[in-house]
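Here is how the chains run, residue by residue.
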Amino acid sequence: MTSYDLLYKKDFYGNALFHEHFTDRKLSFRVFENAVIFPIHELNTICAFDESGNYIQDSSPEPDAESIAKNLFASSEIANSDLSAVLLGRFIGVWGHLITNVLSRIWFLKSEDYNPKFFGAYYGFSPKRNHKRFLEILGIDCAKILDISRPTRFRKVIIPDECFITEYDDCCEGNLKFMFTQEYRNLIDCVRDYANAHKTQLSNHKFYMSYSHYKSGKSVGENHIEKFLRSHGYEIILPEKLTVDEQLNVLANCEDFASTIGSCSHNMLFLNDGANVLLIPRANYLTPYQLLVDQVHDLSVNYVDSTFSFLAMNGNPGEGPFLYYVSENLRKFFGDNSCASGINLRDYRKYMNYAMGINFGRRFGFNSGGGNPDTHDYYSGRIASYYYGELLKSEFPIFRRISNFARGIVRKYFMRYFAK
């Protein structure tokens, strides 16, 4: 069950909130003799060509892979190998992508059709310690994974279907459609079962996974979220300080899980059924990854807005900047009236420094990178009007001395660009 009632504007996201991401399609695989696995450095991915030099459709999820690879293939020097390889795609060294995209074809390595003599083939395979440990828990031998850095012809190339599916579809928002199959759920359950089998009891069962010590320089104010949740019994967890086994033990013990949306929140994949989940969007967008993750298991998921990230970049959850505070919606979720909602002035100034620093042009859409004009719609009206008014009064003491009427006029014209 998923609730969106404590988002500022639920209708803003439209049908994206209600897509069904599970598909019961049956997965298979194809085998090609003397085929070439071809790295595409421009796209940081790989594809494949058959022994006649024909591009193999769907060997890469990237829509531009075919045209780019065909242009390069004829002039490329091709190495030869006597090995048989399973094409696995691109290895992405980001935790959230590791437990989603990177697993897309790896289901085959755990299937009855897999031959232990086969090698896996990733583009950019350079796993960190936690990445390697995660694959080991899945039963994958990292010594049997190849890093494909140049075009290589193999004796046999096996191309499995994807179990975590990213398809380009003009009917979907952003042209991307995300789906998962039972094979993907089985991979996640393999890790979850391992966590439960090796669980050691913890005294607390409520945890908030935080980014506050992760030095990205893109977010402000998460410490206030931490303090508020700590008052409600949550223990603050810094995932980057823990090993994979330690993180999994936390999740195996967890009954109430909270996080801002990103790689941390994807860890809810390993919670036991029935757990309660609190998700705080970083800005005015919800990643399709997270909306898919919500549906893998039977959890009680609640989205609660507690940001004022009005200068966040468009649709890029890692770009920022993000401004967190303890919102009225967050207090309402806990039924807590013990404190007031308000943005710390120091946080506001720091946020503006991030947004209006060296990347000023990109933040405000002065080039093709674009800004995010939708934030002005999402945070408009009561939310923006109230908080801008409070910030103005704090920033400029003169506003404390003018009449309420005059203050309202100033606020009205200051908010013309934001309020609707």
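The structure we're discussing is the one just above.
Here's a quick rundown of the structure. Counting restarts for each chain, with residues numbered from 1 along the sequence as it is written. At least 70 in pLDDT is required for a residue's local features to be given in this predicted model, at least 80 for side-chain atom pairs to be given and counted, and no such filter applies to totals for whole chains, interfaces and linings, which use all residues. Hydrogens and waters are ignored; side-chain quantities use all the structure's heavy atoms.

### Some points on the pattern of salt bridges
Working step 1: Salt bridge criterion: a side-chain nitrogen from Lys or Arg within 4 Å of a carboxyl oxygen from Asp or Glu. All told, the structure shown has six salt bridges when counted by the stated rule.
Working step 2: For Asp245, the salt bridge identified is with Arg133, shortest N-O distance 2.8 Å. In this pair, Asp245 is assigned in helix H6 (residues 244-253) and Arg133 in helix H3 (residues 129-137), connecting sequence segments 112 residues apart.
Working step 3: Under the relative-accessibility criterion, Arg133 is labelled partly exposed at 25%.
Working step 4: Put simply, Arg192 and Asp189 hold a salt bridge, and the shortest N to O gap is 3.6 Å. In this pair, Arg192 and Asp189 are both assigned in helix H4 (residues 182-197), three residues apart and thus about one turn of the helix distant. Numbering of helices and strands starts at the N terminus; helices are DSSP runs of H or I of at least 4 residues and strands are runs of E of at least 2. We call a residue buried when its accessible area falls under 20% of the maximum for its residue type, exposed when it is over 50%, and partly exposed in between, using a 1.4 Å probe and counting protein chains only.

### Description of the packing of H3 against H4
Working step 1: Running from N to C, H3 and H4 cross one another at 95 degrees; their axes reach a closest spacing of 9 Å. With respect to each other, H3 and H4 are oriented roughly perpendicular. On H4, the residues that touch Arg133, Phe134 and Ile137 of H3 are Cys190, Val191 and Tyr194.
Working step 2: Of the residues assigned to the contact of H3 with H4, the class counts are five nonpolar, no polar and one charged. Under this scheme, a helix contributes an axis fitted over its contacting stretch, all axes are lines through C-alpha atoms, and angles between N-to-C directions fall in the 0 to 180 degree range. Every angle not falling under 35 degrees, over 145, or within 65 to 115 is termed oblique; those three ranges are roughly parallel, roughly antiparallel and roughly perpendicular. Two residues qualify as a contact provided that any one of their heavy atoms is within 4.5 Å of a heavy atom in the partner residue. Three categories are distinguished: nonpolar for Ala, Val, Leu, Ile, Met, Phe, Trp, Tyr, Cys and Pro, charged for Asp, Glu, Lys and Arg, and polar for the others, with Gly belonging to the last.

### Notes on the side chain of Asn302
Working step 1: Note that Asn302 resides in strand S18 (residues 300-304).
Working step 2: Setting aside residues up to four positions removed in sequence, Asn302 forms contacts with Ser3, Val277, Leu278, Leu279 and Phe333.

### Description of the pairing of S18
Working step 1: For S18, a buried count of five out of five residues is recorded, marking the element as mostly surrounded by other parts of the structure.
Working step 2: Side chains Ser300, Asn302 and Val304 of S18 all project onto a buried face; the interleaved residues Val301 and Tyr303 project onto the opposite face, where all are buried too.
Working step 3: At least two DSSP bridges between two strands are required for those strands to pair. Here three bridges tie strand S1 (residues 2-6) to S18, and the two strands are oriented parallel to one another. Along S18, the bridge assignment pairs Ser3 with Asn302.
Working step 4: In this sheet, S18 lies alongside strand S17 (residues 276-280) in parallel orientation, the contact comprising four bridges. Its bridge partner lying in S18, Val277 is registered against Val301.
Working step 5: Between the parallel pair S17 and S18, the chain is carried across by helix H8 (residues 288-293), and the sense of this crossover is right-handed. If you view a crossover with the strands going away from you and the path from the first strand over the helix to the second runs clockwise, you call it right-handed.

### Concerning the packing of aromatic side chains
When we look at a pair of aromatic rings, we describe it by the centre distance and by the angle of the planes.
Working step 1: Stacked, tilted and edge-to-face pairs are distinguished by plane angle, under 30 degrees for stacked and over 60 for edge-to-face with tilted covering the rest, among Phe, Tyr and Trp rings (Trp via its six-membered ring) whose centres lie within 6.5 Å. Following the criterion strictly, the structure yields 34 aromatic pairs and no others.
Working step 2: Arranged with centres 5.9 Å apart and planes meeting at 50 degrees, the rings of Tyr8 and Tyr378 form a pair that is tilted. Of this pair, Tyr8 sits in the loop between S1 and strand S2 (29-33) while Tyr378 sits in helix H12 (residues 374-378), placing them 370 residues apart in sequence.
Working step 3: Centre to centre, the rings of Tyr114 and Phe118 are 6.1 Å apart; their planes meet at 75 degrees, and the pair counts as edge-to-face.
Working step 4: Aromatic rings pair up to connect Tyr8, Phe12, Tyr13, Phe308, Phe310, Tyr348, Tyr351, Tyr378 and Tyr379 into one cluster.
Working step 5: To sit over a ring, a charge needs its Lys NZ or Arg CZ within 6 Å of the ring centre and within 35 degrees of the ring normal. Above the ring of Phe119, the side-chain terminus of Lys144 is found at 4.0 Å from the ring centroid.
Working step 6: Stacked on the ring of Tyr211, the Lys or Arg Arg282 has its end atom at 4.6 Å from the ring centre.

### Section: the sheet that holds strand S13 (residues 206-209)
Strand pairing in a sheet is mediated by backbone hydrogen bonds. Such pairs are either parallel or antiparallel.
Working step 1: What the six strands build is an open sheet, ordered S1-S18-S17-S16-S13-S15; its pairing is parallel. Looking at which strands have only one partner, the edges of the open sheet turn out to be S1 and strand S15 (235-237). The mean angle between the axes of side-by-side strands here comes to 20 degrees, regardless of whether they run parallel or antiparallel.
Working step 2: In terms of strand pairing, strand S16 (residues 256-260) meets S17 through five bridges, oriented parallel. Looking at the pairing, Asp256 lines up with Asn276 of S17.
Working step 3: The sheet contacts of helix H5 (residues 222-230) involve S13, S15, S16 and S17, and relative to S13 the element is tilted by about 180 degrees.

### Brief notes about the pairing of S13
Working step 1: The sheet contact formed by S13 and S16 spans four bridges and is parallel. Along S16, the bridge assignment pairs Lys206 with Asp256.
Working step 2: Here S13 runs beside S15; their pairing, made up of three bridges, is parallel. For Met209, the partnering residue across the bridge sits in S15 and is Ile237.

### Brief notes about helix H10 (residues 345-355)
Working step 1: Within H10, burial applies to Leu345, Asp347, Tyr348, Tyr351, Met352 and Ala355. When H10 is viewed along its axis, its buried side chains cluster within an angular range of 155 degrees and face the same direction. Facing away from the buried surface of H10 by more than 90 degrees, the exposed residues are Arg346 and Asn353.
Working step 2: Measuring from the side-chain oxygen of the N-cap residue of H10 to the backbone nitrogen of Arg346 gives 2.8 Å; that N-cap residue is Asn344. Think of the arc as the fan of directions from the helix axis to the C-beta atoms. Polar contacts, as counted here, are pairs of nitrogen or oxygen atoms within 3.5 Å of one another; within protein the pair requires one atom able to donate a hydrogen and one able to accept it, and residues that are adjacent in sequence qualify only if both atoms are side-chain atoms.

### Things to note about the side chain of Gln290
Working step 1: Considering the arrangement of structural elements, one finds Gln290 in helix H8.
Working step 2: At 2.8 Å, the side chain of Gln290 forms a polar contact with the side chain of Asp294.
Working step 3: Each residue touching Gln290, except ones within four places of it in the same chain, is listed here: Ile261, Gly262, Ser265, His266, Met268, Leu279 and Tyr303.

From the geometry alone we can't say anything about function, so treat these as descriptive.
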